[in-house]
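# Reading the structure
What follows is the residue order along each chain.
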Amino acid sequence: MNSYISFYNISKKQLKQIPLSKADEEFIEIADEATKKVYPAFSITDYMLYNQTGDRYTYEEPHRQKRVDCTALAAALWLTGDEKYIKPLTNLIFAICDEFTWGVPAHASMYEKDSSDIELLIQEIDLYNTRTCTCLCDCLAIVGDKLPKIVYQRVEYEVRRRIIEGFKKHKFRWENWNNNWIVTCLLGVMSGFSKFGTKEEFEEQLPRIDALLDKYIKGFGEDYCCLEGSGYWSAFSAFLRCGVIVSDFTDGKINYFERKDVKEVAKFSQKVLLAENVATGFSDTRTEFRFSPALYSYLKKLYKDEIYVERY
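All values derive from a computational prediction rather than experimental measurement.

Time to look at the overall build of the protein chain. Along its length, the protein chain carries 16 helices and two strands. Residues classed as buried in the protein chain amount to 49% of the 312 residues present. Partitioning the intrachain contacts of the protein chain with sequence separation of at least 6 by distance along the chain shows that 75% fall at a separation of at least 24. With the model as given, the accessible surface of the protein chain reaches about 15,800 Å², and the carbon-plus-sulfur share is 51%.

A few words on unusual backbone geometry. Positive phi outside glycine occurs at Asp 251, with the angle close to 55°. Tracing the sequence through the fold places Asp 251 in the loop between helix 13 (236-249) and helix 14 (260-266). A residue is classified by how much of its surface remains accessible, and Asp 251, at 69% relative accessible area, is exposed. Although it is not a glycine, Lys 304 sits at a positive phi angle of roughly 50°. Relative to the elements of secondary structure, Lys 304 occurs in the segment after helix 16 (293-303). A relative accessible area of 51% means that Lys 304 is categorised as exposed.

Ranked by internal contacts, the top residues of the largest apolar core, which has 91 residues, are Trp 233, Phe 236, Phe 239 and Leu 299. For Leu 299, the residues in contact, after removing those within four places along its chain, are Trp 233, Phe 236, Leu 240, Ala 266, Lys 304 and Ile 307.

Below, the discussion takes up the pattern of salt bridges. Taken as a whole and judged by the stated rule, the model has 25 salt bridges. For Lys 84, the salt bridge goes to Asp 32, with nearest N and O atoms at 3.2 Å. Taken as a pair, Lys 84 in the loop between helix 4 (57-80) and helix 5 (86-98) and Asp 32 in helix 2 (residues 22-34) lie far apart in primary sequence, 52 residues in all. Each of Asp 98, Arg 154, Glu 158, Arg 161 and Arg 162 takes part in one network of salt bridges that share partners.

Turning to helix 5, a few remarks are in order. Working note: α-helix, 3.6 residues per turn, so residues spaced by three or four point in the same direction. With 13 residues, helix 5 extends 18 Å between its outermost C-alpha atoms, agreeing within 8% with the 18 Å of an ideal straight helix rising 1.5 Å per residue. As for helix 5, its buried residues are in contact with helix 4, helix 8 (127-143) and helix 9 (149-169).

Along the chain, Glu 61 turns up in helix 4. Within the structure, the side chain of Glu 61 is placed 2.7 Å from the side chain of Arg 64, a separation counted as a polar contact.

Attention now moves to helix 4. Spanning 24 residues, helix 4 covers 33 Å between terminal C-alpha atoms, matching the ideal 34 Å at 1.5 Å per step. Positive phi appears at Gly 81, one or two residues downstream of helix 4, with a value of about 75°.

Overall, the predicted model of the protein chain reaches an average pLDDT of 87, with 89% of residues at or above 70. For residues 2-11, every residue scores under 50 in pLDDT, and the model assigns this stretch 28 contacts once sequence neighbours within four places are set aside.

Turning our eyes to something else, we now look at the packing of aromatic side chains. Two aromatic rings are characterised by how far apart their centres lie and by the angle between their planes. Taken as a whole and judged by the stated rule, the model has 16 aromatic pairs. Seen in terms of ring centroids, Tyr 47 and Tyr 59 are 5.3 Å apart; in terms of plane orientation they differ by 90°. Their pairing is edge-to-face. Here Tyr 47 is found in helix 3 (residues 44-53), whereas its partner Tyr 59 is found in helix 4, with twelve residues between them in sequence. Among the aromatic side chains, those forming a connected cluster through ring pairs are Tyr 216, Phe 220, Trp 233, Phe 236, Phe 239, Tyr 256 and Tyr 296.

Here we come to the state of the cysteines. Scanning all chains against the criterion turns up zero disulfides. For Cys 137, which is in no disulfide, the shortest distance to another cysteine sulfur is to Cys 133 and amounts to 4.1 Å. Among the residues examined, Cys 137 registers a relative accessible area of 0% and is labelled buried.

Residue placement: Arg 162 occurs in helix 9. Residue Arg 162 is classed as buried on the basis of its relative accessible area, which comes to 1%. Engagement of the side chain of Arg 162 in a polar contact is seen with the backbone oxygen of Cys 97, the distance being 3.0 Å. Leaving out residues up to four positions away in the same chain, Arg 162 has contacts with Cys 97, Glu 99, Phe 100, Thr 101, Trp 102, Ile 122, Gln 123 and Ile 125.

The next point concerns the environment of Ala 76. Summarising the element assignment, Ala 76 is placed in helix 4. Each C-alpha atom of the pair Ala 76 and Ile 86 lies 9.9 Å from the other, and the pair is ten residues apart in sequence. Contacts of Ala 76, omitting those with residues within four sequence positions, involve Ile 28, Ala 31, Gly 81 and Tyr 85.

Where helix 8 meets helix 10 (residues 180-196), the axes come as close as 8 Å, and the angle between the chain directions of the two elements is 40°. By the angle between their directions, the pair helix 8 and helix 10 is classed as oblique. Relative to helix 10, the crossing made by helix 8 is left-handed. On helix 10, the residues that touch Leu 127, Thr 130, Arg 131, Cys 133, Thr 134, Cys 137 and Leu 140 of helix 8 are Trp 181, Thr 184, Cys 185, Leu 187, Gly 188, Val 189, Ser 191, Gly 192, Lys 195 and Phe 196. Counted by class, the contact of helix 8 with helix 10 contains nine nonpolar, six polar and two charged residues.

Cut-offs applied
- Residues numbered from 1 in each chain as written.
- Predicted model: local features only at pLDDT ≥ 70, side-chain atom pairs only at ≥ 80, totals over all residues.
- Heavy atoms only, no water.
- Helix = DSSP H or I, 4+ residues; strand = E, 2+ residues; numbered from the N terminus.
- Buried < 20%, exposed > 50% of the residue type's maximum accessible area, 1.4 Å probe, protein only.
- Contact = heavy atoms within 4.5 Å.
- Areas by Shrake-Rupley, 256 points an atom, 1.4 Å probe, with all protein chains shown as cover.
- Core = buried A, V, L, I, M, F, W, Y, C linked by side-chain atoms within 4.5 Å.
- Salt bridge = Lys/Arg side-chain N within 4 Å of Asp/Glu carboxyl O.
- Expected span 1.5 Å × (residues − 1).
- Polar contact = N/O pair within 3.5 Å; in protein donor to acceptor, adjacent residues only side chain to side chain.
- pLDDT = per-residue confidence, 0-100.
- Phe/Tyr/Trp six-rings, centres within 6.5 Å; stacked < 30°, edge-to-face > 60°.
- Disulfide = S-S within 2.5 Å.
- Axes fitted to C-alpha atoms, helices over the stretch in contact; angles between N-to-C directions.
- Parallel < 35°, antiparallel > 145°, perpendicular 65-115°, else oblique.
- Left-handed = near helix turned anticlockwise from the far one by under 90°.
- Nonpolar A, V, L, I, M, F, W, Y, C, P; charged D, E, K, R; others polar.

Following this line, the structure appears as structure tokens:
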């Protein structure tokens with residue numbers, strides 16, 4: 001489609017006029033530490049530990065940290081323009097692309113096929129694979145013009161063979177669910193299609209995508225309550241981004257944000273908020289309320305005074 005829909009629509013001139021926030025400074029601190037790191041190659045023996053001993057941490061923690069560092073390096077480069085971040089970001093993106101699979105072993109065993117199925121390990125679509133895809137596409141969206149061309153080409157190659165072809169060839173168990181997995185996984189898929197897919201490919205998958213997004217919203221029920229708790233409601237931010245991509249592709253013919261049920265789901269967290277940092281605790285979530293400025297600023301843009309959070 002040769003375009004990527006994201007929320008990074010602040011001009012460089014505008015960016016320079018905005019003082020760095022505490023969050024921005026933390027990104028830069030993480031990025032500065034990342035410039036000193038050397039990332040080990042993918043370890044298949046670490047990957048195999050989960051099936052042998054149940055150990056997730058040994059493999060998953062370095063896997064997670066690489067994505068955190070990648071995001072921080074891209075953000076720091078975007079915020080400061082300092083070219084010292086280009087080389088480590090380039091190397092880290094290639095290190096992630098070099099990984100045999102973007103998934104984690106604990107999730108590989110969730111699928112009906114044998115978890116040693118090589119094609120499925122590479123092309124499965126789950127939380128970790130798609131978050132990686134979103135991470136890389138977002139990095140290219142904000143600083144791709146500063147990176148060597150081969151970085152863009154390598155990410156395109158990996159996203160196409162892992163995510164785009166994986167989604168086209170396989171059906172996944174989470175497509176039968178109605179929880180946060182739907183939109184979290186779909187965001188990565190749609191990031192990949194929007195950045196590197198063709199118009200024909202996206203058009204072909206649109207009915208499937210539309211049905212899944214509708215399924216996610218209907219999963220909130222008639223009272224629009226997130227049964228997983230307020231913490232998991234934050235996955236609604238992924239729904240927003242998916243909705244923007246679909247709306248853009250269809251020239252506004254499909255606009256989820258005009259739906260009453262979508263608006264009511266958007267207001268869920270403020271209904272369970274007890275105090276500035278405390279929400280009603282139930283299901284698989286804590287009582288701590290994690291405020292997302294990005295999520296709420298976009299909801300405020302969509303629904304104006306119907307969205308209220310004191311800290312906003």
